[in-house]
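# Architecture at a glance
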Amino acid sequence: MSTRDKSRIKKKESKRKRPSWDEYFMGLAELAATRSTCLRRQVGAVIVKDKKILTTGYNGAPKGLPHCLDIGCLREKLKIPSGERHELCRAVHAEQNAIAQAAMFGVNIKDSIMYSTTHPCVLCSKLIINSGINEIVIRDSYPDKFSEEMLRQAGVKIKVLEKKKGYKEG
């Protein structure tokens, strides 16, 4: 191959934009969300440490139980607003599932980063705080001010990753 051909290839390759690490891991969280069996909101989560994927999770019924896709959503039937009455939801949240996977397989997630397609609810925030996750990168907000306050008090850093624009600190 001539020097001129090599130069053209390098120039072409340099125009290709690779995703940032945050974009890459958020893309994996978004892919995990496609496995969700929730009728209201599809959420995915990925826990990462030192740029290595530790676990993933998505929201759905506990292992072996019927999914909302199959039997319907009680919260929807009762017209319960988003962010309220979590105890009436049969789904295990994506963040909870990712943390449970780590516990089940003995994976240390202390000082890790969680990528989640949605800001965690207060239930997930408590688990995130106690599991030692020290940063969360999210795509979308969630109507839970108590969760935001608890994470702030615990010193868990939150970044909002906007689609195709990078992230802003929240």
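Scroll up a little and you will see the structure.
Figured I'd write up the structure that's included with this text. Just so it is clear, the structure is predicted and the values come from calculations on it, not from any experiment. (Residues numbered from 1 in each chain as written. Predicted model: local features only at pLDDT ≥ 70, side-chain atom pairs only at ≥ 80, totals over all residues. Heavy atoms only, no water.)

## Quick word on the pattern of salt bridges
Summed over the entire model, instances satisfying the criterion amount to 8 salt bridges. Across the pair glutamate 30 and arginine 139 runs a salt bridge whose closest N-O atoms are separated by 2.8 Å. In this pair, glutamate 30 is assigned in helix α2 (residues 21-33) and arginine 139 in strand β4 (residues 135-140), connecting sequence segments 109 residues apart. The partly exposed category is assigned to glutamate 30, whose relative accessible area is 27%. Salt-bridge contacts for arginine 40 lead to glutamate 76; the nearest nitrogen and oxygen are separated by 2.7 Å. Taken together, the residues span a long stretch of sequence, with arginine 40 in the loop between α2 and β1 (44-49) and glutamate 76 in helix α4 (residues 74-77) at a distance of 36 residues. (Salt bridge = Lys/Arg side-chain N within 4 Å of Asp/Glu carboxyl O. Helix = DSSP H or I, 4+ residues; strand = E, 2+ residues; numbered from the N terminus. Buried < 20%, exposed > 50% of the residue type's maximum accessible area, 1.4 Å probe, protein only.)

## Regarding the environment of cysteine 73
Locating cysteine 73 in the fold gives a position in the loop between α3 (68-71) and α4. For the pair formed by cysteine 73 and alanine 91, sequence separation is 18 residues and the distance between their alpha carbons is 9.6 Å.

## What about the nonpolar core?
Soluble globular proteins tend to bury their nonpolar side chains together. Counting residues in hydrophobic clusters, the biggest one holds 17 residues, and the most contacted among them are Ile47, Ile99, Met114, Ile128 and Ile133. Only β1, α5 (94-105), β4 and β5 (157-162) provide two or more residues apiece to this core. Once residues lying within four places of it in the same chain are set aside, the contact partners of isoleucine 47 are Lys52, Ile53, Leu54, Thr55, Ala98, Ile99, Ile109, Ser112, Ile113, Met114 and Ile133. (Core = buried A, V, L, I, M, F, W, Y, C linked by side-chain atoms within 4.5 Å. Contact = heavy atoms within 4.5 Å.)

## What about the packing of aromatic side chains?
This structure, assessed with the given rule, holds 4 aromatic pairs. With a centroid separation of 5.9 Å and 85° between ring planes, the pair formed by tryptophan 21 and tyrosine 24 is classed as edge-to-face. With a gap of 3 residues between them, tryptophan 21 and tyrosine 24 both fall in helix α2, about one helical turn apart. Exposure remark for tryptophan 21: the relative accessible area of 44% places this residue in the partly exposed category. For tyrosine 24, a relative accessible area of 39% translates into the label partly exposed. (Phe/Tyr/Trp six-rings, centres within 6.5 Å; stacked < 30°, edge-to-face > 60°.)

## Remarks on α2
Between the first and last C-alpha of α2 there are 18 Å, a value that for 13 residues agrees with the 18 Å anticipated at 1.5 Å per step. Among the residues of α2, those classed as buried are Asp22, Phe25, Met26, Ala29, Ala32 and Ala33. Along the axis of α2, the buried positions cluster into a sector of 110°, meaning they face one direction only. (Expected span 1.5 Å × (residues − 1). Arc of directions from axis to C-beta.)

## Structural notes on the side chain of asparagine 59
By the element assignment, asparagine 59 lies in the loop between β2 (52-58) and α3. Here the side chain of asparagine 59 touches valine 43 through a polar contact of 2.9 Å, landing on its backbone nitrogen. If sequence neighbours within four positions are ignored, asparagine 59 has contacts with Ser36, Thr37, Cys38, Arg41, Gln42, Val43, Val92, His93 and Ala94. (Polar contact = N/O pair within 3.5 Å; in protein donor to acceptor, adjacent residues only side chain to side chain.)

## Some points on unusual backbone geometry
Not every positive phi belongs to a glycine, and lysine 51 is a case in point at roughly 60°. One can find lysine 51 in the loop between β1 and β2. With a phi angle near 55°, lysine 79 is a residue other than glycine that sits in the positive phi range. The residue lysine 79 is located in the loop between α4 and α5 in this model.

## Overview of the packing of α5 against helix α6 (residues 122-131)
It is the contact of α5 with α6, at a shortest axis distance of 9 Å, that shows an interaxial angle of 30°. As summarised for this structure, α5 and α6 are arranged roughly parallel, according to the angle between their axes. For α5 against α6, the interelement crossing comes out left-handed. Mapping the contact onto sequence places Glu95, Gln96 and Ile99 in α5 and Leu123, Cys124, Leu127, Ile128 and Ser131 in α6. (Axes fitted to C-alpha atoms, helices over the stretch in contact; angles between N-to-C directions. Parallel < 35°, antiparallel > 145°, perpendicular 65-115°, else oblique. Left-handed = near helix turned anticlockwise from the far one by under 90°.)

Remember, this is a structural readout, not a statement about activity or role.
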